[in-house]
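The lines below spell out each chain.
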Amino acid sequence: MAKSIFMWLSIQLLTWPILAYHFFEIPFLISLINLIIIPIFSWIIIGGLFSLLLYTCHFPIAQPIAKCIELVLDGIEYVTGLLMKVPLATLCTGRPSMIMFILYGGIVILIGAVLFEYIKKNMFIKGVALLGCCYQLITFFDISPLKVTLL
């Protein structure tokens, strides 16, 4: 379970900035649901391949297996549709600047370093303080001006 959570967190931390850059939002709640849905999909893929194999061999059991898989997929689609209607299910971030990407990457590296115990505790505190100072400088000098676009 811990390995699955670590893999999920690693993937999310790497994909969230890409999603924010291209789609201006992060599907936060759906990202949490991936912890449950992704293991289900491995069984769906195996069942689908098994059903396809049985179908090519003209076994009548292939159709009920495929129908079960279709029902599971419909259920997942229904649940995720409901979850998307929950307030704050998606965090609207806008397009982050390159400086924000760099700061985010620094924070992710520091978190990873703490998790793997590659650096000592006092180094972590210094790194967080340095990133905080960089962020304050960026916001103080307002490097990226506010832009409003209306359609």
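Please read these numbers as outputs of a predicted model, since none were measured by experiment.

Q: I'd like a rundown of the pattern of salt bridges, residues and numbers included.
A: The tally for this structure, following the rule as stated, stands at 1 salt bridge. For K67, the salt bridge identified is with E70, shortest N-O distance 3.6 Å. Here K67 and its partner E70 are both found in helix α3 (residues 62–84), 3 residues apart, which amounts to about one turn of the helix. Of the residues examined, E70 reaches a relative accessible area of 39% and is grouped as partly exposed.

Q: With reference to specific residues and values, describe the side chain of Q12.
A: Along the chain, Q12 falls in helix α1 (residues 2–23). When residues no more than four places from it in sequence are discounted, the contact partners of Q12 are S31, N34 and Y104.

Q: Account for the nonpolar core, with residues named and values stated.
A: I30, I33, I37, I44, I69, I76 and L83 together form the largest nonpolar core, which totals 7 residues. Among the elements of the structure, α2 (28–56) and α3 are those that each provide at least two residues to this core. Ranked by the residues each element gives to this core, the list is headed by α2, at 4 residues.

Q: Lay out the layout of surface pockets in plain terms, naming residues and giving numbers.
A: Think of a ball as big as a water molecule: rolled over the atoms, this probe shows where empty space is left. Put simply, the largest pocket is a space of about 240 Å³. Taken together, W16, P17, A20, I26, T93, G94, R95, P96, S97, M100, F101 and Y104 make up the full set of residues lining the largest pocket. Here the residues of the lining of the largest pocket sort into 8 nonpolar, 3 polar and 1 charged.

Q: Help me get a handle on the packing of α1 against α2, residues and values and all.
A: Their axes nearest at 10 Å, the elements α1 and α2 cross at an angle of 150°. Overall, the two elements α1 and α2 adopt an arrangement that is roughly antiparallel. The interaxial crossing formed by α1 with α2 has right-handed handedness. Listed contacts from α2 to S4, I5, W8, Q12 and W16 of α1 are F28, S31, L32, N34 and L35. Split by residue class, the contact of α1 with α2 holds 6 nonpolar, 4 polar and no charged.

Q: Please provide a residue-by-residue account of a nonpolar patch on the surface, values included.
A: A surface patch of nonpolar side chains, about 370 Å² in accessible area, is lined by I5, L35, I36, I40 and V72. By the secondary structure assignment, L35 is in helix α2.

Q: Pulling in residues and values, what's your account of the packing of aromatic side chains?
A: The geometry of an aromatic ring pair comes down to the distance between the two centres and the angle between the two planes. What the rule picks out here adds up to 0 aromatic pairs. The residue whose ring lies beneath R95 is Y21, and the NZ or CZ to ring-centre distance is 4.3 Å.

Q: Residues and numbers for α3, please.
A: The end-to-end C-alpha separation of α3 is 33 Å, in line with the 33 Å expected for 23 residues at 1.5 Å each. Burial in α3 covers these residues: A62, I69, I76, T80 and L83.

Q: So what's going on with α2? Which residues, and what values?
A: The terminal C-alpha atoms of α2 lie 41 Å apart, and with 29 residues this matches the ideal 42 Å at 1.5 Å per residue to within 8%. The largest bend in α2 amounts to roughly 45° and is located at L35, with the proline P39 lying one to four residues further along. The complete set of buried residues in α2 reads I30, S31, I33, I37, I44, G47, S51 and L54. On its buried face, α2 is in contact with α1 and α3. Phi for H58, located one or two positions after α2, is positive at around 65°.

Thresholds, definitions, all that
Residues numbered from 1 in each chain as written. Predicted model: local features only at pLDDT ≥ 70, side-chain atom pairs only at ≥ 80, totals over all residues. Heavy atoms only, no water. Salt bridge = Lys/Arg side-chain N within 4 Å of Asp/Glu carboxyl O. Helix = DSSP H or I, 4+ residues; strand = E, 2+ residues; numbered from the N terminus. Buried < 20%, exposed > 50% of the residue type's maximum accessible area, 1.4 Å probe, protein only. Contact = heavy atoms within 4.5 Å. Core = buried A, V, L, I, M, F, W, Y, C linked by side-chain atoms within 4.5 Å. 1 Å grid on protein atoms, 1.4 Å probe; cavity = no way out; pocket = protein on both sides within 12 Å on 5 of 7 lines; lining within 4 Å. Points joined across faces, edges and corners; volume = space filled by probe spheres on them. Nonpolar A, V, L, I, M, F, W, Y, C, P; charged D, E, K, R; others polar. Axes fitted to C-alpha atoms, helices over the stretch in contact; angles between N-to-C directions. Parallel < 35°, antiparallel > 145°, perpendicular 65-115°, else oblique. Left-handed = near helix turned anticlockwise from the far one by under 90°. Patch = residues over 30% accessible without salt bridge, like charges linked within 9 Å, V, L, I, M, F, W, Y side chains within 5 Å. Areas by Shrake-Rupley, 256 points an atom, 1.4 Å probe, with all protein chains shown as cover. Phe/Tyr/Trp six-rings, centres within 6.5 Å; stacked < 30°, edge-to-face > 60°. Lys NZ or Arg CZ within 6 Å of the ring centre and 35° of its normal. Expected span 1.5 Å × (residues − 1). Bend = angle between axes of the 7 residues up to and from the residue.

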